[in-house]
Amino acid sequence: MVAAMLVGCEKKEQTSSSSQIVARIGKDVVTTQELENEFRANNVSLDRQNDPNAVRQVLGGLVVRKYVVQQALAAGLDREPSVLLDVLRSREQVLENAYLNRRASGRSPGRADIDQFIANNPSRFAGRKLFNIEQISLPITPEAQSFVEANKQAKSLDEVDQALSEAGLMHVRQLGLLNSSDLNPDYLTAIEQRKPDEVFFVRAGATGVFFQVTGEQARPLEGEAAANMARQLMRADVVKAEAGLAAYAANIEVKYEGDYAKAMQRDDGPQSAIRK
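Conventions used here
- Residues numbered from 1 in each chain as written.
- Predicted model: local features only at pLDDT ≥ 70, side-chain atom pairs only at ≥ 80, totals over all residues.
- Heavy atoms only, no water.
- Helix = DSSP H or I, 4+ residues; strand = E, 2+ residues; numbered from the N terminus.
- Buried < 20%, exposed > 50% of the residue type's maximum accessible area, 1.4 Å probe, protein only.
- Contact = heavy atoms within 4.5 Å.
- Areas by Shrake-Rupley, 256 points an atom, 1.4 Å probe, with all protein chains shown as cover.
- Patch = residues over 30% accessible without salt bridge, like charges linked within 9 Å, V, L, I, M, F, W, Y side chains within 5 Å.
- Salt bridge = Lys/Arg side-chain N within 4 Å of Asp/Glu carboxyl O.
- Core = buried A, V, L, I, M, F, W, Y, C linked by side-chain atoms within 4.5 Å.
- Axes fitted to C-alpha atoms, helices over the stretch in contact; angles between N-to-C directions.
- Parallel < 35°, antiparallel > 145°, perpendicular 65-115°, else oblique.
- Left-handed = near helix turned anticlockwise from the far one by under 90°.
- Nonpolar A, V, L, I, M, F, W, Y, C, P; charged D, E, K, R; others polar.
- pLDDT = per-residue confidence, 0-100.

A. Spotlight on the overall build of the protein. Tallying secondary structure elements over the protein gives eleven helices and six strands in all. Taking all 276 residues of the protein together, 25% fall into the buried category. In the protein, the proportion of contacts linking residues at least 24 apart, taken out of those at least 6 apart, comes to 68%. Carbon and sulfur atoms make up 53% of the accessible area of the protein, which totals about 19,400 Å².

In structure tokens:
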């Protein structure tokens, strides 16, 4: 299937008219449609697509990618099972996102819905705040995890900094900002009701962060900017809801085989309720 896709792409490129071609890399070409799609993928606005700096960055990156793909194909990497599976996975992810976004596009909110959403989320709009913070970040290794558990009640960042240095753990201390619109309501409440010099800890992926709030400033988001942001957030909520519906439908259709049937069995009994 992948090989057929590659052949199809090659034929399409060979039949492209010269007016649609913006670059040639060996036997491959870059078409205007590909470049426009690359601008879209890189969030380059229409008014910047004629900017020489933007063109150099985006088109240059596309040329490098095509060149490296040529080298990969010449090395036969497209025939390796693990690569074929990764290509298939990428294709499936693109189609999944396209389907969910198309479903979401059919449920565009009206102005009344947008106004209601803005009113229901003051921390993201009229009551939006920026919190100035000082933070210490560290990669979460097994040793760092033990340190975090032992120092969650630290009284100051200086105390955390000193303890990290004594433990020989890599860390970085710096200033930063928190946007109230990015915080879940419970965490925002905890920050707003903080004690003087209170130290907080959060995890962000594979990184842990100790921080103190050193100040705050009101940054309301209003007018058309608020409406545009509301549309984006509401669309994200719809996409999430569509993904939930798809997961429900998939669970109805699926039939697991062998040991995986037991592994994927749901426990909806009393013990499951207790764990929640």
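B. Just a nonpolar patch on the surface, in detail. A contiguous nonpolar surface patch, about 410 Å² in accessible area, is contributed by Val254, Tyr256, Tyr260 and Met264. Looking at the element boundaries, tyrosine 260 is found in helix α10 (residues 259-263).

C. Focus on the nonpolar core. Counting 15 residues, the largest nonpolar core has Ile136, Phe147, Val160, Leu164 and Phe210 as its most contacted members. Breaking this core down by element, the ones donating at least two residues are β3 (129-139), α6 (142-151) and α7 (157-167). Ranked by the residues each element gives to this core, the list is headed by α7, at four residues. Excluding anything up to four places from it in sequence, leucine 164 contacts Ile136, Leu138, Phe147, Leu169 and His171.

D. A look at the environment of leucine 169. Along the polypeptide, leucine 169 turns up in the loop between α7 and β4 (172-179). Considered as a pair, leucine 169 and threonine 141 are 28 residues apart in the sequence and their alpha carbons are 9.5 Å apart. Contacts of leucine 169, omitting those with residues within four sequence positions, involve Glu143, Ala144, Phe147 and Leu164.

E. Representation of the pattern of salt bridges within the structure. One pass over the full model with this rule turns up 14 salt bridges. The salt bridge involving arginine 107 is made with glutamate 242; its shortest N-O contact spans 2.9 Å. Here glutamate 242 lies in helix α9 (residues 223-253) and arginine 107 lies in the loop between α4 (81-105) and α5 (111-120), a separation of 135 residues in the sequence. For arginine 107, a relative accessible area of 44% corresponds to the partly exposed category. Salt bridges sharing partners connect three or more residues here, namely Arg111, Asp115, Glu224 and Arg231.

F. Structural context of the packing of α4 against α9. One way to put it is that α4 packs onto α9 with a least axis distance of 9 Å and a crossing angle of 120°. Judged by the angle between their axes, α4 and α9 are oblique. Helix-helix and strand crossings are classified by hand; for α4 and α9 the assignment is right-handed. Side by side, α4 and α9 meet where Leu100, Asn101, Arg103, Ala104 and Ser105 of the first sit next to Arg235, Val238, Val239, Glu242 and Ala243 of the second. Partitioning the contact of α4 with α9 into residue classes produces five nonpolar, two polar and three charged.

G. Spotlight on the confidence of the model for the protein. Looking at the protein as a whole, its pLDDT mean stands at 88, while 89% of the residues score no less than 70. In this model, residues 1-15 is a region of pLDDT below 50 whose contacts with residues beyond four sequence positions or in other chains number ten contacts.

H. Examining unusual backbone geometry more closely. The backbone phi angle of asparagine 43 is positive, close to 55°, even though this residue is not glycine. Mapped onto the fold, asparagine 43 is located in the loop between α2 (32-41) and α3 (52-74). Phi angles above zero are rare outside glycine, and aspartate 197 is one such case at about 65°. Tracing the backbone shows aspartate 197 in the loop between α8 (185-192) and β5 (200-204).

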